[in-house]
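Here is how the chains run, residue by residue.
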Amino acid sequence: MKHFLTIITIMTTVALVPRPADAGLFKSGAKALFKGGKNLLGKSLFKYPKAIKGVAKGLGSKYGDDAVKALYEKGGSGALKFVEKHGDEGYKLIKSKGDEVLDLMKKYGEEAGEAAMKYGDDAVAAIARNGDEVLFLFKHQGDEVASFIAKYGDETGDALDLLVKHRTHAASFLEKFGKESASWAKNLDRKALLGAMKLGKEAPKGAKGSTFKGILGFMTKKTGPKVIK
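Residues numbered from 1 in each chain as written. Predicted model: local features only at pLDDT ≥ 70, side-chain atom pairs only at ≥ 80, totals over all residues. Heavy atoms only, no water.

(A) Fine view of the overall build of the protein. On a plain count of helices and strands, the protein comes out with twelve helices and zero strands. Starting at the N terminus and ending at the C terminus, the protein contains elements arranged as α-α-α-α-α-α-α-α-α-α-α-α. The burial tally for the protein puts 36% of its 229 residues in the buried class. Relative to all contacts within the protein whose residues are 6 or more apart in sequence, the contacts with residues 24 or more apart total 49%. Element-wise, carbon and sulfur atoms account for 58% of the exposed surface of the protein, whose accessible area totals about 14,600 Å². (Helix = DSSP H or I, 4+ residues; strand = E, 2+ residues; numbered from the N terminus. Buried < 20%, exposed > 50% of the residue type's maximum accessible area, 1.4 Å probe, protein only. Contact = heavy atoms within 4.5 Å. Areas by Shrake-Rupley, 256 points an atom, 1.4 Å probe, with all protein chains shown as cover.)

(B) Representation of the packing of helix 8 (residues 158-166) against helix 9 (residues 168-177). Axis separation between helix 8 and helix 9 bottoms out at 6 Å; the angle between their running directions is 135°. In this view, helix 8 runs oblique relative to helix 9, as classed from their interaxial angle. Here A159, L162, L163 and H166 of helix 8 lie close against helix 9, whose contacting residues are T168, H169, A170, F173 and L174. In terms of residue class, the contact of helix 8 with helix 9 is built from six nonpolar, three polar and no charged. (Axes fitted to C-alpha atoms, helices over the stretch in contact; angles between N-to-C directions. Parallel < 35°, antiparallel > 145°, perpendicular 65-115°, else oblique. Nonpolar A, V, L, I, M, F, W, Y, C, P; charged D, E, K, R; others polar.)

(C) Highlighting unusual backbone geometry. Positive phi outside glycine occurs at R167, with the angle close to 50°. Within the secondary structure, R167 is located in the loop between helix 8 and helix 9.

(D) Examining the packing of aromatic side chains more closely. Enumeration according to the criterion identifies seven aromatic pairs in this entry. Seen in terms of ring centroids, F173 and F177 are 4.5 Å apart; in terms of plane orientation they differ by 55°. Their pairing is tilted. Taken as a pair, F173 and F177 lie in helix 9 at a separation of four residues, close to a single helical turn. Centroid distance F173 to W184: 5.7 Å. Interplanar angle 75°. Geometry classified as edge-to-face. One end of the pair, F173, is in helix 9; the other, W184, is in helix 10 (residues 182-185), and eleven residues separate them in sequence. Side by side, F173 and W184 carry an identical accessibility label, which is buried. (Phe/Tyr/Trp six-rings, centres within 6.5 Å; stacked < 30°, edge-to-face > 60°.)

Structural measurements only, silent on function.
Structure, rendered in structure tokens:
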């Protein structure tokens, strides 16, 4: 009797193990059950975090569930809160700027979207290049930063680097020495920058910050203070 039960168990186990020829059928069946992220009843398997669920539902009724899901997957909760706050204008911004704005919002939060909405492409490019530091400036001195970029900004980003490092001194410096000076001035620390402005001397073409500091005779720190002055 014991041997008989053992034989039956082995035969049952073998029968349940899919043969190589049946493997494709098992895979196809699994895909059919969960095709497109949905179960057999056609319900989505995707779930929002509890904190954002209500926002997602409200936006879904207006813009469509698939569109809202795509926004969330690319921009996180911040993207949905941004669209909820700004409505159609916020939705249009994210749709028109594509992944770039969503990536920034996912990395830096809703404030990146706020700056992009108010100051446009210049803000998007600036935040992508200088991150939190320039985002802080847009938050507290947005109009001044936008004017600075419009006047001195270019594809090199040197003027923007100068602004992030030296804040309000950057505009005064470029006004005195010209837009081209940003390429070497961004390497100077605060004392060297202010010293150059005081002496009214421009560094030789191609001179690096360390060389110019030697010419001016300043013993300074490597970076200026992080606060706005």
